Amino acid sequence: MKGPDAIEMTVAGLTLDQVTRTPIVVLKDSENKLQLPIWIGLLEATAMATEIEGIKMARPMTHDLFKNVLSELGGTVKRVAITELKENTYYAVITLTVGDREVAMDSRPSDAIAMALRSKTPIYVAKEVLEQSSVLQQTEEGKDPDFANVSKEKWGEILDKMSPDDFKYKM
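As the structure is a computational prediction, the values presented were derived from the model and not from experiment.

**Quick look at the overall build of the chain**
Link 1 in the chain: Scanning the chain from N- to C-terminus turns up six helices and seven strands.
Link 2 in the chain: The secondary structure elements of the chain, listed N-terminal to C-terminal, are β-β-β-α-α-β-β-β-α-β-α-α-α.
Link 3 in the chain: Each of the 171 residues in the chain was classed as buried or not, and the buried ones make up 42%.
Link 4 in the chain: Sequence separation of 24 or more characterises 55% of the internal contacts of the chain that already satisfy a separation of 6 or more.
Link 5 in the chain: Total accessible area on the chain stands at roughly 9800 Å², and carbon and sulfur atoms take up 51% of it.

Now the structure itself:
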């Protein structure tokens, strides 16, 4: 998935929900107008953090292993996409190239993002997912939010007032 129905996003950072202490990965668009926080597991957050920080582990972690196996088989990660939001759960697809074939694999968004970071491939988010996400639909004032130039402190305040249910993503 890419093109007019999706927006390319990057990992803006990782944070913790102040109430539940659950890790959150925050995606942002290139203009920093859209942000999509997704609650993730601790292991996936660790996998992302080690790649973002360039920390090399003594032994391959799960996402490193998958990348290594794929590489040995002549494949690469072409792109990842967060494609759907159904029943409060985000869905993603990892698109692989193996020889002359393109293969789309169902994935959790956290695993797809961890793979995108390792393979330096683009992350796309379906516009429909962004529209469905309550971050883009609700603010205190009841109008579309503008997260451009929001300070870390203000972003912390925004997250403090929200719960995972506000983002329709359940662990």
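**A word on the packing of helix α2 (residues 62-72) against helix α3 (residues 109-119)**
Link 1 in the chain: With their axes 10 Å apart at the nearest point, α2 and α3 run at an angle of 60° to one another. Judged by the inter-axis angle, α2 sits oblique to α3. Of the two possible hands of crossing, α2 and α3 adopt the one that is right-handed. Along the contact surface, α2 presents His63, Asp64, Phe66 and Lys67, while α3 presents Asp111, Ala114, Met115, Arg118 and Ser119.

**So, the side chain of Glu51**
Link 1 in the chain: In this fold, Glu51 is placed in helix α1 (residues 42-53).
Link 2 in the chain: The contact partners of Glu51, leaving out residues within four places of it in the chain, are Leu117, Arg118 and Lys120.

**Regarding the side chain of Arg118**
Link 1 in the chain: With respect to the helices, strands and loops of the structure, Arg118 is situated in helix α3.
Link 2 in the chain: At 2.6 Å, the side chain of Arg118 forms a polar contact with the side chain of Asp64.
Link 3 in the chain: Setting aside residues up to four positions removed in sequence, Arg118 forms contacts with Ala47, Thr50, Glu51, His63, Asp64 and Lys67.

**Remarks on the pattern of salt bridges**
Link 1 in the chain: Enumeration over the complete set of coordinates arrives at eight salt bridges.
Link 2 in the chain: Residue Arg118 is joined to Asp64 by a salt bridge in which the shortest nitrogen-to-oxygen separation is 2.6 Å. Highlighted residues: Arg118 in helix α3 and Asp64 in helix α2, separated in sequence by 54 residues.
Link 3 in the chain: Residue Arg118 is classed as buried on the basis of its relative accessible area, which comes to 5%.
Link 4 in the chain: One salt bridge connects Asp111 with Arg108, and the closest N-O pair in it is separated by 2.8 Å.
Link 5 in the chain: On the basis of relative accessibility, which here comes to 18%, the residue Asp111 falls in the buried class.
Link 6 in the chain: You can call Arg108 partly exposed: its relative accessible area is 44%.
Link 7 in the chain: Linked through salt bridges whose partners overlap, the residues forming this network are Glu44, Arg108 and Asp111.

**Focus: the sheet that holds strand β3 (residues 35-39)**
Link 1 in the chain: Pairing is mixed in the open sheet, where seven strands are placed in the order β3-β2-β1-β7-β4-β5-β6. Each end of this open sheet is capped by a strand with a single partner; those strands are β3 and β6 (101-107). Strand-to-strand, the axes of this sheet are offset by a mean angle of 35°, without reference to chain direction.
Link 2 in the chain: Sheet analysis places strand β4 (residues 75-86) next to strand β5 (residues 89-98), joined by ten bridges and oriented antiparallel. By the bridge assignment for β5, Val77 is matched with Leu96.
Link 3 in the chain: Taken strand by strand, α1 contacts β1 (6-16) and β2 (23-29), and its axis lies near 100° from that of β1.
Link 4 in the chain: Of the strands in this sheet, β4 and β5 are in contact with α2, which crosses β4 at around 130°.

Definitions and limits used
- Every chain's residues receive numbers from 1 upward, in the order its sequence appears when written.
- Where totals are concerned, whole chains, interfaces and linings use all residues; where local detail is concerned, this predicted model gives features only for residues with pLDDT of at least 70, and gives and counts side-chain atom pairs only at 80 or more.
- Heavy atoms throughout the structure, all of them, feed into the side-chain values; hydrogens and water do not.
- By definition, any uninterrupted DSSP run of H or I lasting at least four residues is a helix, any uninterrupted run of E lasting at least two residues is a strand, and each is numbered from the N terminus.
- Think of it in three bands: with a 1.4 Å probe and only protein chains considered, a residue is buried below 20% of the maximum accessible area for its type, exposed above 50%, and partly exposed in between.
- In what follows, a contact means two residues having at least one pair of non-hydrogen atoms within 4.5 Å.
- Only the protein chains shown count as covering a residue, and every accessible area follows the Shrake-Rupley method with a 1.4 Å probe.
- Fitting a line to C-alpha atoms yields each axis, with helices limited to the stretch in contact; the angle taken between N-to-C directions then spans 0 to 180 degrees.
- Reported orientations rely on four angle classes, namely roughly parallel under 35 degrees, roughly antiparallel over 145, roughly perpendicular from 65 to 115, and oblique for the rest.
- Should the near helix be turned counterclockwise from the far one by less than a right angle, the crossing is left-handed, whereas a clockwise turn marks it as right-handed.
- Think of a polar contact as two N or O atoms within 3.5 Å of one another; within protein, one of them needs to be a possible hydrogen donor and the other a possible acceptor, and neighboring residues in sequence only count if both atoms come from side chains.
- Throughout this description, the term salt bridge denotes a Lys or Arg side-chain nitrogen within 4 Å of a carboxyl oxygen of Asp or Glu.
- When DSSP finds two or more bridges between two strands, those strands count as paired.

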